[in-house]
Every structure is written in structure tokens, then in C-alpha cells.
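# A structural walkthrough
Given next are the chains, with one letter for each unit.
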Amino acid sequence: MKKTFFSLILTLFVFGAMAQKSDKVLRHVVMFKFKDTATPEQVKSVEEAFRKLPTQIKEIKGYEWGTNNSPEGLAQGFTHCFFLTFNSEADRAVYLPHPDHKAFGKVLGPYLDKVLVVDYWTQK
């Protein structure tokens, strides 16, 4: 009886640890500061090009974006934040050199002043 109970507890622990690990995802946060000379139409073309990436690169598991509306005044000119989710570092490794990601960089390049990228594993 003790062996069965111990086995049950161990099994629950292992499956719980596996479930907890699988809950973690890799976030790829990208923020853009556009050149002062970038027109609204040019910025819109960048937004649209970035929006296409999840349909072109299957390793992207989640995508959202928005523009800064913080009242704190600490954005340092960064206006756009794009938030990608990957299941693994291997998936991100496919995304970074992917031809469609590189093509997006060519759309972005002429209008970009600065970029900030932060990647992290989610914690609960």
C-alpha cells in the first residue's frame, strides 16, 4: 500500500512539474522608435508587414502589438511594441534568420531610428 501511495505521489509530482514547464513560453518583445522623417503611411507599411509574419512563419505561436500610450513620459521615443510568443528557443532560432523575417527587416530599415529587443521565459 505504501509503495502504491508513494508511486501515485511521485507520478503526480512528475506530471505536475511537466505541466508547469509546458506552461512556460518564450516571449520576444520588440520596440521601435521611428525616424522623425517617417511618414504615417511608411509607419503603417511597417505595421502591416510585421502583422503578416505570424501567417508566414509557423513557429510564431502568438502575436500582438500596440502603440505606446503611457502617461509616464519614459518611452524615450519608442512608439511601437510587438510581442511574439514561441514555444521554444529552437522555434525562435528558426524565426530570426527566416527569409520572411529578413524581408520584413528590409521594409523596416529605412524608417527605423532605434530598436529594443528583450526575450524572456515566462514566470508564474
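## A closer look at the nonpolar core
Counting 20 residues, the largest nonpolar core has Phe32, Phe34, Phe50, Tyr95 and Phe104 as its most contacted members. Within the residue set of this core, elements represented by two or more residues are strand 1 (26-34), helix 2 (40-56), strand 3 (80-86) and helix 4 (99-108). For this core, the element with the highest residue contribution is helix 2, accounting for 5 residues.

## Examining the pairing of strand 1
With 7 of 9 residues buried, strand 1 is to be regarded as a mostly interior element. For strand 1 and strand 3, the ladder comprises 7 bridges, and the chain directions are antiparallel. The residue bridging Phe32 from the neighbouring strand is His80, located in strand 3. Here strand 1 pairs with strand 4 (residues 112-121) via 9 bridges, running antiparallel.

## Some thoughts on unusual backbone geometry
Even without being a glycine, Gln76 presents a positive backbone phi close to 55°. By secondary structure assignment, the location of Gln76 is in the loop between strand 2 (62-67) and strand 3.

## Observations concerning the pattern of salt bridges
Going through the model one piece at a time under the given rule, you end up with 3 salt bridges. A salt bridge links Asp113 to Lys33; its shortest N-O distance comes to 3.4 Å. Placement of Asp113 in strand 4 and of Lys33 in strand 1 is noted, with a sequence separation of 80 residues between them. The partner of Arg92 in a salt bridge is Asp119, and the shortest N-O contact between them spans 2.8 Å. Taken together, the residues Arg92 in helix 3 (residues 89-95) and Asp119 in strand 4 connect sequence positions 27 residues apart. Given the relative accessible area of 29%, Asp119 is considered partly exposed.

Thresholds applied
- Residues numbered from 1 in each chain as written.
- Predicted model: local features only at pLDDT ≥ 70, side-chain atom pairs only at ≥ 80, totals over all residues.
- Heavy atoms only, no water.
- Core = buried A, V, L, I, M, F, W, Y, C linked by side-chain atoms within 4.5 Å.
- Buried < 20%, exposed > 50% of the residue type's maximum accessible area, 1.4 Å probe, protein only.
- Helix = DSSP H or I, 4+ residues; strand = E, 2+ residues; numbered from the N terminus.
- Pairing = 2+ DSSP bridges.
- Salt bridge = Lys/Arg side-chain N within 4 Å of Asp/Glu carboxyl O.

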